[in-house]
Structures are given as structure tokens and as C-alpha cells.
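# Summary of structural features
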Amino acid sequence: AQSVTQLGSHVSVSEGALVLLRCNYSSSVPPYLFWYVQYPNQGLQLLLKYTSAATLVKGINGFEAEFKKSETSFHLTKPSAHMSDAAEYFCAVSEGSGGYNKLIFGAGTRLAVHP
Amino acid sequence: DGGITQSPKYLFRKEGQNVTLSCEQNLNHDAMYWYRQDPGQGLRLIYYSQIVNDFQKGDIAEGYSVSREKKESFPLTVTSAQKNPTAFYLCASSRVGGREQFFGPGTRLTVL
């Protein structure tokens, strides 16, 4: 079975600093990987997804993630944090090869941005 | 605009009562899902449905029930058998065979 590990349940950065949220996955097949963002008391919004087309994936709100097969990682970065980036971020891997594809989520990383 | 709606946003229930959470989508997706979210645990799959009149248990189905009478609707009932029902519940949908899931805004259930 596939799994996802997010290192660091809480990350705090200063406004304007680099954001780095870590995600490692385990998968026996080429993975489909996702990053979702959740603002307080809201649903999940897709930030970006890796579907094997390119190893560096650009998403919304200035975020990007790099797929590294050798490290089984899919870390999320943003060069300069903004106060509005404060939210919880979830990494997920898609499992399945037929009509039904299950999403396996990491435990999430809560990002705080301070002035 | 296409999307997923969940109602109500907040729900309070007394112990021993069943309660039904609504989920409706107009994305024309065949597959629908229910997740439970607890702090520090990510999302856990309760039930999913790939087609009308068919659904399967997820990882934590005990104490929950669902129905899928219409393509657009996938209501979740939290029964009195669920030992710890207080949580945030998220509904999602996807195309059959699709990898990406689209989420509703969630319902926060509190048992008093």
C-alpha cells in the first residue's frame, strides 16, 4: 500500500521568507502526487499535481513542487511567503489503476506566517 | 458555477441521535467520497461510490451509512453507533478513472 509522510506538523516562517513543506511518499509504481491547501473551516483546494509530464510542477498562488524519484519526495516551495499563505497543507498520492483511484493523504502541515 | 455543496455548515447533535449530512455536486462526476478529518490525522475515507445505487466502505465505515440514489447526491448518515462522531466531514467527487478529487466546503459536526 502507498503512504505519505509530511515532515513537520507545524512550520512557521516570516513574511517574505522561503516556504518549504516536505512530503515523502512510498509507491511501487510511478505515482500521481497532489498538494492541497485548506483554509480554516473550509474544504480542500488543489494547489498543484504531478502526473509524470514534468518533474517541476507549478501551481496556483506562486507555489511549486519538484518530484524527485531518487528521494521519493515531492516538497512544496514558495520563494516568498505572504500572510495569506497561512493555512494547512496536505500532500496526497493517488492509489489505483482502474476506475476507482483512492487518495492517500499525509497528516498535514500547518503553515504560520508572521510579520 | 460547477461545484460541490455541503449542508449544513455546522451541526450539533445530542448523543444517541442519528444525523444526516448533505452533499450535492453539479460537476457531472460519477464518483463521490466522504472523508472524516480530525486534527493531526489528515483525511480518512469513510465511504465512496463510483456509480448510482452502488457504494463501498472505506477505511473507517463503522457507525456510518450512505446512499446514492441520484448521481448528484451522496448523503452521509452518522449513526448513534459511531463512538466519537465529533469531527469535520468533507465530501468530494471525481470523474471515474480520474486522479484528482474536488472537495466541498465541509460540515463540522459536534456531539453535545
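No experiment lies behind these values; they were computed from the predicted model shown. (Residues numbered from 1 in each chain as written. Chains lettered and ligands numbered in written order. Predicted model: local features only at pLDDT ≥ 70, side-chain atom pairs only at ≥ 80, totals over all residues. Heavy atoms only, no water.)

### What about the overall build of chain A?
A count of helices and strands for chain A gives 0 helices and 11 strands. Of the regular secondary structure in chain A, the N- to C-terminal order runs β-β-β-β-β-β-β-β-β-β-β. The C-alpha extent of chain A, read off along each of the three principal axes, is 45 × 30 × 20 Å. A burial count over chain A gives 43% of its 115 residues as buried. For chain A, the proportion of contacts with a sequence separation of at least 24, taken over those separated by at least 6, is 55%. For chain A, the exposed surface amounts to about 5,400 Å²; the carbon and sulfur share of it is 53%. Looking at chain A, you have 8 positive and 7 negative side-chain charges, and the mean spots of the two groups are 4 Å apart. (Helix = DSSP H or I, 4+ residues; strand = E, 2+ residues; numbered from the N terminus. Buried < 20%, exposed > 50% of the residue type's maximum accessible area, 1.4 Å probe, protein only. Contact = heavy atoms within 4.5 Å. Areas by Shrake-Rupley, 256 points an atom, 1.4 Å probe, with all protein chains shown as cover. Lys, Arg positive; Asp, Glu negative; His and termini not counted. Charge placed at Lys NZ, Arg CZ, Asp CG, Glu CD.)

### Overview of unusual backbone geometry
The step from Ser7 of chain B to Pro8 of chain B runs through a cis peptide bond, and the omega angle for that step is -10°. If you trace the backbone, Pro8 of chain B turns up in the loop between β1 (4-7) and β2 (10-13). Despite not being glycine, Asn41 of chain A shows a phi value in the positive range, around 60°. Mapped onto the secondary structure, Asn41 of chain A falls in the loop between β4 (32-38) and β5 (44-50). In this structure, Asn61 of chain A is a non-glycine residue whose phi angle is positive, near 60°. Relative to the assigned elements, Asn61 of chain A resides in the loop between β6 (56-58) and β7 (64-68). For Asn61 of chain A, a relative accessible area of 42% puts it in the partly exposed group.

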